[in-house]
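Take a look at the letters that make up each chain.
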Amino acid sequence: MDRRDEQDAPAALEGPAGDLQSFAVALRRTQGEINRLVHGFAQAQGLHPTDVQALAVVLDSAEPLTPGRLSEHLGLTSGAVTACLDRLEKAGHIRRTRESTDRRVVHVRYEDGARAAARRYFMPLAEAAERAREQFEPAELTVALRFLTALNDELGALRVPRR
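(A) Local environment of helix H1 (residues 20-45). In this model H1 runs 37 Å from its N-terminal to its C-terminal C-alpha over 26 residues, within 8% of the 38 Å that 1.5 Å per residue would give. Trailing H1 by a residue or two, glycine 46 shows a phi angle of about 70°, which is positive.

What follows is the structure in structure tokens.
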């Protein structure tokens, strides 16, 4: 744990370090807090929260993203992804481009100007993350990052039914 007194620890951390319930409570709380910020950004931009999820996938993709891959990742139908991309393109957040070698292939790219708006809005989240990181030693952060990476790999392997 960090350097705070034990009495200041959230209830989720009161169980043993490996207690699954403690992890579940903490992860749900983190998800809830991030969702609250995402919903605020979506509302401020005139978007749906799913649109913001799609933006995050586009932003974090290591390679050019196609609508089909986005559909698979989000568990949405191709029609729902098309509507989402239409809203995002109209709002100036993304652009769709066709590859010159195969005009049938469409790639989704994050617009540079839209990145600045997202950065401004989510700066308090980045600052909060930095304040939290400063409370831990590098070795602790390495373990935390390993856990989150492993958890994300496991969750990414799960297939969810399309909505």
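(B) Representation of the side chain of histidine 93 in the model. Assignment of secondary structure puts histidine 93 in the loop between helix H4 (78-90) and strand E1 (94-98). Only 3.1 Å separates the side chain of histidine 93 from the side chain of glutamine 45, close enough to count as a polar contact.

(C) Region of the structure containing the nonpolar core. With 23 residues, the main nonpolar core has Leu55, Leu70, Leu85 and Leu88 as its most contacted residues. When residues of this core are traced back to their parent elements, those giving at least two are H1, helix H2 (49-60), helix H3 (67-74), H4, strand E2 (106-110) and helix H5 (112-133). In terms of residue count, H2 provides more of this core than any other element does, 5 residues in total. Once you skip the residues sitting within four places of it in the chain, leucine 88 turns out to touch Leu47, Asp51, Ala54, Leu55, His93 and Ile94.

(D) How the structure looks around a nonpolar patch on the surface. Together, Leu20, Phe23, Leu27, Phe147 and Leu148 line one region of the surface with nonpolar side chains, adding up to about 430 Å² of accessible area. Those elements that place two or more of their residues in the nonpolar patch are H1 and helix H6 (138-157). With 3 residues, H1 is the largest single contributor of residues to the nonpolar patch. As for its placement among the helices and strands, leucine 27 is situated in helix H1. Taking the relative accessible area as the measure of exposure, leucine 27 reaches 32% and is therefore partly exposed.

(E) Inspection of H2 at higher detail. Between its terminal C-alpha atoms H2 stretches 17 Å, which fits the 16 Å expected from 12 residues at 1.5 Å a residue. Those residues of H2 lying buried are Thr50, Asp51, Val52, Ala54, Leu55, Val57 and Val58. Lining the buried residues of H2 we find H1, H3, H4, E1 and E2.

(F) Layout of the packing of H1 against H5. Taken N-terminus to C-terminus, the directions of H1 and H5 make an angle of 150°; their axes are 11 Å apart at the nearest point. The pairing of H1 with H5 is recorded here as roughly antiparallel in orientation. The interaxial crossing formed by H1 with H5 has right-handed handedness. Only Ala117, Ala118, Tyr121, Phe122 and Leu125 of H5 make contact with H1, whose side of the interface consists of Leu37, Val38, Gly40 and Phe41.

(G) Spotlight on the confidence of the model for the chain. With 87% of its residues at a pLDDT of at least 70, the chain reaches an overall mean of 85. Looking at the elements of the chain, mean pLDDT is at its lowest for H5, recorded as 90, and at its highest for H4, recorded as 94. In this model, residues 1-13 is a region of pLDDT below 50 whose contacts with residues beyond four sequence positions or in other chains number 17 contacts.

(H) Broad picture of the pattern of salt bridges. Summed over all chains, the structure comprises 8 salt bridges. Between arginine 96 and aspartate 86 there is a salt bridge, and its shortest N-O distance comes to 2.5 Å. With arginine 96 in strand E1 and aspartate 86 in helix H4, this pair connects stretches of sequence that are 10 residues apart. With relative accessibility at 39%, the residue aspartate 86 sits in the partly exposed group. Between glutamate 130 and arginine 133 there is a salt bridge whose closest N-O contact spans 3.0 Å. With glutamate 130 and arginine 133 both in helix H5, this residue pair falls 3 residues apart, about one helical turn. Each of the salt bridges in this network shares a partner with another, and the network as a whole consists of Asp86, Glu89 and Arg96.

The rules behind each value
Here, residues in each chain are numbered from 1, in the same order as that chain's written sequence. Restriction of local features to residues with pLDDT of at least 70 applies here, the model being predicted, together with a cutoff of 80 or more for giving and counting side-chain atom pairs; totals for whole chains, interfaces and linings are based on all residues. Side-chain numbers come from the whole structure's heavy atoms, not from hydrogens or water. The helix count covers DSSP runs of H or I at least four residues long, the strand count covers runs of E at least two residues long, and both are numbered beginning at the N terminus. Multiply 1.5 Å by the residue count of a helix minus one, and that product is the helix's expected span. Each polar contact in these results corresponds to two N or O atoms within 3.5 Å; when the atoms are within protein, one needs to be able to donate a hydrogen and the other to accept it, and residues that are neighboring in sequence are counted only if both atoms are side-chain atoms. We define the nonpolar core as a collection of buried residues of types Ala, Val, Leu, Ile, Met, Phe, Trp, Tyr and Cys that are connected through side-chain atoms lying within 4.5 Å of one another. Buried, partly exposed and exposed residues are distinguished by accessible area as a fraction of the type maximum, computed with a 1.4 Å probe on protein chains only: under 20%, between the cut-offs, and over 50%, respectively. Two residues form a contact once any of their heavy atoms are found within 4.5 Å. For patch detection, residues must exceed 30% relative accessible area and be free of salt bridges, and they are connected within 9 Å for like charges or within 5 Å for nonpolar side chains (Val, Leu, Ile, Met, Phe, Trp, Tyr). Here the accessible surface of atoms and residues is derived via Shrake-Rupley with a 1.4 Å probe, and residues count as covered only by protein chains that are part of the display. By definition here, a salt bridge exists when the distance from a side-chain nitrogen of Lys or Arg to a carboxyl oxygen of Asp or Glu is within 4 Å. Fitted lines through C-alpha atoms give the axes, limited to the stretch in contact for helices. The angle between two N-to-C directions lies from 0 to 180 degrees. What sets the label is the angle itself: under 35 degrees gives roughly parallel, over 145 gives roughly antiparallel, 65 to 115 gives roughly perpendicular, and the rest give oblique. Should the near helix be turned counterclockwise from the far one by less than a right angle, the crossing is left-handed, whereas a clockwise turn marks it as right-handed. On a scale of 0 to 100, pLDDT captures the predictor's confidence in every residue.

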